[in-house]
Amino acid sequence: MIYENKLLLKNKSTYKLTLSTFKYGINTEIDENSLPYKYAKVTYNYTFKRGALQTGIGFDELYLPETTDENPEMRKMFVEGEYTQLNKLWLFPFYNTTYNVRNNMLLLSHDNQVKYANIISINPGFFNVDITDELTFTSEPNAVYYNINGNDVMLITSATDGMYVFHPTSISTLDSDAPKIISICRHYERVFAIEEGKRNKLIFSANLDPTNWNVSENEAGYIEIIDDRGCLEKVVSFNDYVYIFKQYGISRLSAYGDQSEFSLSSVFVTSGKIYGNSVCVCGDRIMFLSRDGIYSFNGYSATKLSLNIESLFAENNDNCCSAYHNGKYYLGCRLKYNDGEVVGCEGYAEGYVNNSLIELDLKTGDISLTRGVDLKSLCSIEYDTVNKLAVLFNNEHKKKLGEMNNSGSVFGTPLKKVWASSYSNLGFPDKIKKIEKVTLISKQDCVIKIKTDIEEKDFEVKGKDITSVFYPNLKGEMFQFKIETLGSLADISAPEITFGISR
C-alpha cells in the first residue's frame, strides 16, 4: 500500500500599512489602540510640510542688516559688558522727527538694565537708554510704546520702580512716584496698567499724558475689579476696547474720552487658570493659554482650540512667553511628554523653566512642537527688509541673543527629532503579526525603531534620494513604529510597512 505524504501549509494574509502623509501631525488625546496611524502619538522637532517629515525649527545668533539694500551686509548683535542673564525684548517703532526718517529699534533688558540698538545700522552693539547713566530697575521691567507731543517714546516701568520715558535723543529721569506696574498697554490717548500689590485694580493715566497719575475726575484714575475670578494678570488694547485678563476670566472696558463714561463688563469665565504671559494680540484675535489648553478670543467669546495636545500641558506655565509673527502664534512653554526621553535643555544640570515652543498657524490650524529649548522672551521684528523672531533664553543659553530659523539645531547643536506611532495591535487583536518589510525615502540619515510586546530592534537608514528597503522579521501582537533623526536636517517620506498574519 502506498501512502500519500501531504505537506500541510498554514494560510497567511499579508497587509500593507501605508503612512503616505505626515500632515496630520500629533494626537495625544485618543486612546492608543484607537488612534489612526496617520497621527503620531508623540512627535517633535520635525515639520510636516507637504506631508513629509522635514527639518524643524532651530535657533542661532541674531543677525540684523547694516543697510536697507536688497542684499545687505549682516551684523551679529551682541551685548557688551558683564551680565548674568538677558531678560526681555521689545520692538520700538521710532520715527526720527529731526531727520524725518523711520528708525525702528530693539530694546533689551539684562539684569533689569535696559539698552537699545538700531535695527538697521552698522553698529552691532546695544546702547544705554539713559544718555547720562545706566538705567537699572530693581525688578524685571515692562515697556510700551507711546507718542508724546509728536515724539515716539517707550514707557518703561517695573513692579518695584517708577516710570522712565525713553527717547533716543532726550534725557529723562525715573519718576519713582509713578505706579509700580506689572502689565501696561496704550489705548487711545491714555495708558492702562495693572499695579503691583493686591492686583485687583486697573489704573489709567491722564488723557494725553502717560506720566500724569494724579487721581482726579479730569486726570488719572482707577477701577477696582473685585470678584471671584482671581488677580489681574494682563491688560491689552484690542478692537476699541481694553481687555483685562484675570486668572479665571476676562473683562472688557469701554474707555472713550472722559473717564465718567467708562464702562466695564465681564465677557469670559473659565475654571482653568489663564497664564498672563501667554496673552498675545494676533491680528483679528487674542490668543492665550489656560491650564486646559489654548484659546482664541475675538473680543466677545473665547473658543478652546482642539489641537490634540492638551494632555501635554504641564501644571504650571506662569513663566511662558508668546509672540505673533508671520501669521503664527508662538508660545514658549513647559510640556510634559512622559516618554522617558531627555532632549536639549531637559538635560541641563541645573534644570529648566520651559522646554518647548508651540508654533500654531492661525490660518490653517497646523501645529508643530519644538522640544529641548528653554525660551524666556520672544519678539517679532518686521521692519523694512527684516522679518525675524528674536529670542532670549533661560539657563544654558541665558547670555545669548538669538533668532528663530529652520536649522533643526540650537546654536549648532542638533535637536533630536522624533515621530512615534501609537502602541497598538494594528487592528488585529489576539493575532500574532510579523513585520516583513519596511520601505521609505529618507534623504538624510535616520533610525527606524520597531517595538513589539515580544522584541524590539533599531534599523539605521543611510540618507539617499531613492527608496530604502529593510526586512525587520519582527513578531508580536502589539507594535510601535518610531522614526528618529539625530542630525540637524531631515526629509523623510512615503514609509510603508508590510506585515503578515498567520491563520
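Located above this text is the structure these notes cover.
Because the structure is predicted, anything quoted here is derived from the model rather than measured.

## A look at the overall build of the protein chain
When you go through the protein chain residue by residue, the secondary structure sums to 0 helices and 45 strands. Across the 503 residues in the protein chain, those meeting the buried criterion constitute 55%. Here the analysis covers contacts within the protein chain between residues at least 6 apart in sequence; of these, 57% occur between residues at least 24 apart. Here the protein chain displays about 23,200 Å² of accessible surface, and carbon together with sulfur accounts for 45% of that area. Within the protein chain, the 64 negative side-chain charges are centred at a point lying 10 Å from the centre of the 53 positive side-chain charges.

## Considering the sheet that holds strand S25 (residues 280-282)
A sheet is described by the order of its strands in space; here 4 strands give the open sequence S25-S26-S27-S28, paired in antiparallel fashion. The open sheet has two edge strands with one neighbour each: S25 and strand S28 (302-304). With strand direction ignored, the average angle separating the axes of adjacent strands in the sheet is 30 degrees. Two strands pair when backbone bridges link them, and S25 and strand S26 (residues 285-290) are joined in this way by 3 bridges, in the antiparallel orientation.

## Let's talk about the packing of aromatic side chains
Remark: the centre distance and the inter-plane angle together describe each pair of aromatic rings, the angle taken between the planes. Under the criterion given, the structure shown has 26 aromatic pairs. On the basis of an interplanar angle of 40 degrees and a centroid distance of 5.8 Å, the ring pair of Tyr 188 and Tyr 256 is categorised as tilted. Here Tyr 188 is found in the loop between strand S17 (181-187) and strand S18 (190-195), whereas its partner Tyr 256 is found in the loop between strand S23 (249-254) and strand S24 (263-269), with 68 residues between them in sequence. Overall, the relative accessible area of 37% leaves Tyr 256 in the partly exposed class. An angle of 70 degrees between the planes, with centres 6.2 Å apart, marks the rings of Phe 428 and Phe 499 as edge-to-face. Of the two residues, Phe 428 sits in the loop between strand S38 (417-420) and strand S39 (433-442) while Phe 499 sits in strand S45 (residues 491-502), which places them 71 residues apart along the sequence. On the basis of relative accessibility, which here comes to 4%, the residue Phe 499 falls in the buried class.

## Regarding the environment of Phe 313
Residue placement: Phe 313 occurs in the loop between S28 and strand S29 (321-325). Beyond its immediate stretch of four places on either side in the chain, Phe 313 contacts Leu 289, Arg 291, Gly 293, Ile 294, Arg 334, Leu 335, Lys 336 and Ile 358.

## Notes on unusual backbone geometry
With a phi close to 50 degrees, Asp 111 is a non-glycine residue in the positive phi region. Take Asp 111: its relative accessible area is 29%, and that puts it in the partly exposed class. Positive phi is not limited to glycine here, since Asn 395 has a value of about 55 degrees. With respect to the secondary-structure elements, Asn 395 resides in the loop between strand S34 (386-393) and strand S35 (402-405).

## Some thoughts on the side chain of Asp 161
Mapped onto the elements, Asp 161 comes out in the loop between strand S15 (151-158) and strand S16 (163-166). No salt bridge is formed by the buried Asp 161, whose closest oppositely charged neighbour, Lys 180, lies at an N-O distance of 7.7 Å. Looking at Asp 161, its side chain comes within polar contact range of the main-chain nitrogen of Thr 138, at 2.8 Å. Polar side-chain contacts of Asp 161 include one of 3.2 Å to the side chain of Thr 160.

## Digging into the pattern of salt bridges
Counted according to the given criterion, the structure contains 17 salt bridges. Glu 341 is the partner of Lys 416 in a salt bridge, and the nearest nitrogen-oxygen pair spans 2.7 Å. Placement of Lys 416 in the loop between strand S37 (413-414) and S38 and of Glu 341 in the loop between strand S30 (328-333) and strand S31 (356-361) is noted, with a sequence separation of 75 residues between them. Judged by its relative accessible area of 23%, Glu 341 is partly exposed. One network of salt bridges, in which partners are shared, links Glu 341, Lys 416, Lys 449, Lys 482 and Glu 484.

## Concerning the sheet that holds strand S20 (residues 221-224)
Spatially, 4 strands are ordered S17-S18-S19-S20 in an open sheet, and the strand pairing comes out antiparallel. If you trace the sheet from one side to the other, it starts and ends with S17 and S20, each paired once. In this sheet, adjacent strand axes meet at a mean angle of 20 degrees when their direction is disregarded. Of the pairings in the sheet, the one linking S18 to strand S19 (residues 201-204) comprises 3 bridges and is antiparallel in character. Each residue of the ladder has a partner; that of Phe 192, found in S19, is Phe 204.

## Notes on the nonpolar core
In terms of nonpolar packing, the biggest core is built from 28 residues, with Leu 53, Trp 419, Ile 435, Ile 448, Ile 450, Phe 481 and Ile 483 touching the most fellow members. The dominant element in this core, judged by the number of residues it contributes, is S45, at 4 residues. In contact with Ile 483, other than residues within four places in its own chain, are Phe 22, Tyr 46, Leu 53, Lys 417, Val 418, Trp 419, Val 447, Ile 448 and Ile 492.

## Quick look at the environment of Glu 496
When you line up the elements, Glu 496 lands in strand S45. Those residues in contact with Glu 496 that lie beyond four places of it in its chain are Lys 16, Leu 17, Thr 18, Lys 437, Val 438 and Thr 439. There is a polar contact of 3.2 Å between the side chain of Glu 496 and the side chain of Thr 18.

## Regarding the environment of Gln 259
Locating Gln 259 in the fold gives a position in the loop between S23 and S24. Sequence spacing of Gln 259 and Glu 219 is 40 residues, and the spatial spacing of their C-alpha atoms is 8.7 Å. Leave out the neighbours within four places in its chain, and Gln 259 touches Arg 190, Phe 204, Ser 216, Glu 217, Asn 218, Glu 219, Ala 220 and Gly 221. A polar side-chain atom of Gln 259 sits 3.0 Å from the main-chain carbonyl oxygen of Ser 216.

## A few points about the side chain of Asn 394
In this fold, Asn 394 is placed in the loop between S34 and S35. Look at Asn 394 and you get buried, because its relative accessible area is 9%. Within the structure, the side chain of Asn 394 is placed 3.2 Å from the backbone oxygen of Leu 375, a separation counted as a polar contact. When sequence neighbours within four positions are dropped, the list of residues in contact with Asn 394 reads Gln 85, Val 353, Asn 354, Asp 374, Leu 375 and Lys 376.

The rules we used
- Residues numbered from 1 in each chain as written.
- Predicted model: local features only at pLDDT ≥ 70, side-chain atom pairs only at ≥ 80, totals over all residues.
- Heavy atoms only, no water.
- Helix = DSSP H or I, 4+ residues; strand = E, 2+ residues; numbered from the N terminus.
- Buried < 20%, exposed > 50% of the residue type's maximum accessible area, 1.4 Å probe, protein only.
- Contact = heavy atoms within 4.5 Å.
- Areas by Shrake-Rupley, 256 points an atom, 1.4 Å probe, with all protein chains shown as cover.
- Lys, Arg positive; Asp, Glu negative; His and termini not counted.
- Charge placed at Lys NZ, Arg CZ, Asp CG, Glu CD.
- Pairing = 2+ DSSP bridges.
- Axes fitted to C-alpha atoms, helices over the stretch in contact; angles between N-to-C directions.
- Phe/Tyr/Trp six-rings, centres within 6.5 Å; stacked < 30°, edge-to-face > 60°.
- Salt bridge = Lys/Arg side-chain N within 4 Å of Asp/Glu carboxyl O.
- Polar contact = N/O pair within 3.5 Å; in protein donor to acceptor, adjacent residues only side chain to side chain.
- Core = buried A, V, L, I, M, F, W, Y, C linked by side-chain atoms within 4.5 Å.

Function cannot be read off these values alone, since they describe shape.
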